[in-house]
Amino acid sequence: MRLSKEQLEQFDREGYLFFPSLFTPQETATLNAAVPELYSRREAYNVRERGSDAVRTNFGAHMYSEPFARLGRHPRMVEPVEDLFGEQLYMHQFKINGKMAFEGDVWQWHQDYGTWMNDDLMPTERAMNVAIFLDDVNEFNGPLMFIPGSHKKGVIDAKHDLTTTSYPLWTVDNDLIAQLVARAGGKNGGIVSPKGPAGSMILFHSCLVHASTSNLSPWNRVSVYLSLCAVSNHIRRHKRPEYIAHRDFSPIVCLPDDCLLKDYPVSVPWKHGLPASALQTTDVPFADAKQAA
Ligand code: SIN
Ligand code: MN
């Protein structure tokens, strides 16, 4: 899928693009069906909400689940980002966020690039999130909130918040958020939250400031996030485990557009468990991909 001139201009201005119902219910059905079993696994890659068994985020499913491995090579998700960067991409991070009914906790205001820079030493912001809804998203089940245009600020000061939720995040303080929202139009569009049916897709800039509230509704809000990074912009440190920040910088090769409807063969190297190396971490940076090997 290729972006039009109007879409490229809108992305530049607002920092995100929303594609309601881009995937059909038939296409999301196999993905949805695989989630409960993946969430039931007692593995490091399932991060649960604080004080609850509900999964907050599942990491790296494209490495051990065939339906999600196909999604990670879907041209509708990957090609628009290739167009925006004019370069091939590798998978930096792959998440299935639960935001489960009644239990899904907040995501504080943050930029994803803040974490990728501070933790993973990703050199620049040439990485992008592409999200697909696996459940309908409405105003009650904790939709993503964006501050339009906030990506133009570049990297914003952030603090490492290790306590608010079960997952550490580099977060932006409230005063700065208030300023950014005012600058983006205050009550007239200073915060937006794209909502729509399962199968909708959002593409957003890695410096776009975003958050989501807790889910007090009886409806799950499962969404999958592909964080796609330009190959030349690969991370320079393995401070986080490999299931969170991937270490294979080879370019993604897309499957045909009907890859969620047909069982195209895909490699799932972690199908029989995480290798010990995926848990190993180091604070020592490396200079390039050769040294990472
Ligand atoms: C994220 O910011 O990475 C996740 C936010 C959400 O799923 O609401
Ligand atoms: Mn984020």
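In this text, all values refer to a predicted model and were calculated from it rather than measured experimentally.

### Considering the overall build of the protein chain
Thinking step 1. Per the secondary structure count, the protein chain includes 7 helices and 12 strands.
Thinking step 2. Relative to a compact globule of 293 residues, whose C-alpha radius of gyration would be 19 Å, the protein chain shows 18 Å and is just as compact.
Thinking step 3. Overall size of the protein chain, expressed as C-alpha extent along the three principal axes, is 50 × 45 × 45 Å.
Thinking step 4. By residue count, 56% of the 293 residues in the protein chain fall in the buried class.

### Side note on the coordination of the manganese ion (ligand 2)
Thinking step 1. His110 (NE2), Asp112 (OD) and His210 (NE2) make up the full set of protein donors to the manganese ion (ligand 2), lying at 2.0 to 2.2 Å.
Thinking step 2. Mapped onto the sequence, the donors of the manganese ion (ligand 2) take the spacing H-x1-D-x97-H. With His110 in strand E5 (residues 107-110) and His210 in strand E11 (residues 210-212), the pair connects residues that are 100 residues apart, well separated along the chain.
Thinking step 3. With a relative accessible area of 3%, His110 lands in the buried category.

### Here we look at the nonpolar core
Thinking step 1. Core analysis: the biggest nonpolar cluster contains 51 residues, and Phe68, Leu71, Phe94, Ile96, Val224 and Leu228 have the highest contact counts within it.
Thinking step 2. Broken down by element, the residue count for this core peaks at 5 residues, all from helix H2 (residues 25-40).
Thinking step 3. For Val224, the residues in contact, after removing those within four places along its chain, are Phe68, Leu71, Phe94, Lys95, Ile96, Val130, Ala131, Ile132 and Leu134.
Thinking step 4. Grouped together as the second largest cluster of nonpolar side chains are 11 residues, Tyr113, Trp116, Met122 and Cys229 included.

### Looking at H2
Thinking step 1. Its 16 residues give H2 an end-to-end C-alpha distance of 24 Å, which sits within 8% of 22 Å, the value for a rise of 1.5 Å per residue.
Thinking step 2. At Ala34, H2 shows its maximal bend, which comes to roughly 25 degrees, and the proline Pro36 appears one to four places after that position.
Thinking step 3. Taken as a whole, H2 has its buried residues at Glu27, Thr28, Leu31, Ala34, Val35, Leu38 and Tyr39.
Thinking step 4. If you follow the buried residues of H2, they end up packed against strand E2 (46-48), strand E3 (55-59), helix H3 (66-71), helix H4 (75-85), strand E4 (89-97) and strand E6 (127-133).

### A short note on unusual backbone geometry
Thinking step 1. The backbone phi angle of Phe102 is positive, close to 70 degrees, even though this residue is not glycine.
Thinking step 2. With respect to the helices, strands and loops of the structure, Phe102 is situated in the loop between E4 and E5.
Thinking step 3. Despite not being glycine, Leu121 has its phi angle at roughly 50 degrees, a positive value.
Thinking step 4. Topologically, Leu121 is positioned in the loop between helix H5 (112-120) and E6.

### Structural notes on the environment of Leu208
Thinking step 1. Topologically, Leu208 is positioned in the loop between strand E10 (201-205) and E11.
Thinking step 2. Overall, the relative accessible area of 0% leaves Leu208 in the buried class.
Thinking step 3. Apart from the residues within four sequence positions on either side, Leu208 is in contact with Glu14, Gly15, Tyr16, His110, Gln111, Phe146, Ile147, Gly149, Ser150 and His151.

### Examining the sheet that holds strand E1 (residues 16-19)
Thinking step 1. The antiparallel open sheet is built from 7 strands, whose spatial order is E1-E10-E6-E12-E4-E3-E2. At either margin of the open sheet sits one strand with a lone partner, and together these are E1 and E2. When strand polarity is set aside, the average angle formed by the axes of neighbouring strands in this sheet is 15 degrees.
Thinking step 2. Bridge count between E6 and strand E12 (residues 223-230): 7 bridges; the pairing is antiparallel. The residue of E12 that forms the bridge with Met128 is Leu228.

### Re the site of ligand 1
Thinking step 1. Around ligand 1 sit Lys95, Asn97, Trp107, His110, Leu144, His210, Ser212, Arg221 and Tyr225, and that is every residue in its neighbourhood.
Thinking step 2. Take Asn97: an N or O atom from its side chain is 2.9 Å from an oxygen atom of ligand 1.
Thinking step 3. Take Tyr225: an N or O atom from its side chain is 2.7 Å from an oxygen atom of ligand 1.
Thinking step 4. For ligand 1, whose free accessible area comes to 260 Å², the fraction covered by protein is 99%.

### Topic: the pairing of E10
Walk down a regular strand and you will see the side chains alternate between the two sheet faces.
Thinking step 1. Of all the 5 residues making up E10, 5 are buried; the element is thus mostly covered by neighbouring parts of the structure.
Thinking step 2. Of the two faces of E10, the one holding Met201, Leu203 and His205 and the one holding Ile202 and Phe204 are both buried throughout.
Thinking step 3. Two elements, E1 and E10, share 4 bridges in a ladder whose sense is antiparallel. Pairing of Tyr16 across the sheet is with Phe204, part of E10.
Thinking step 4. In this sheet, E10 lies alongside E6 in antiparallel orientation, the contact comprising 5 bridges. The residue bridging Asn129 from the neighbouring strand is Phe204, located in E10.

Rules behind the numbers
- Residues numbered from 1 in each chain as written.
- Chains lettered and ligands numbered in written order.
- Predicted model: local features only at pLDDT ≥ 70, side-chain atom pairs only at ≥ 80, totals over all residues.
- Heavy atoms only, no water.
- Helix = DSSP H or I, 4+ residues; strand = E, 2+ residues; numbered from the N terminus.
- Rg over C-alpha atoms; globule rule 2.2 N^0.38 Å.
- Buried < 20%, exposed > 50% of the residue type's maximum accessible area, 1.4 Å probe, protein only.
- Donors = N, O, S within 2.8 Å, 3.2 Å for Na, K, Ca; no water.
- Core = buried A, V, L, I, M, F, W, Y, C linked by side-chain atoms within 4.5 Å.
- Contact = heavy atoms within 4.5 Å.
- Expected span 1.5 Å × (residues − 1).
- Bend = angle between axes of the 7 residues up to and from the residue.
- Pairing = 2+ DSSP bridges.
- Axes fitted to C-alpha atoms, helices over the stretch in contact; angles between N-to-C directions.
- Near = heavy atom within 4 Å.
- Polar contact = N/O pair within 3.5 Å; in protein donor to acceptor, adjacent residues only side chain to side chain.
- Areas by Shrake-Rupley, 256 points an atom, 1.4 Å probe, with all protein chains shown as cover.

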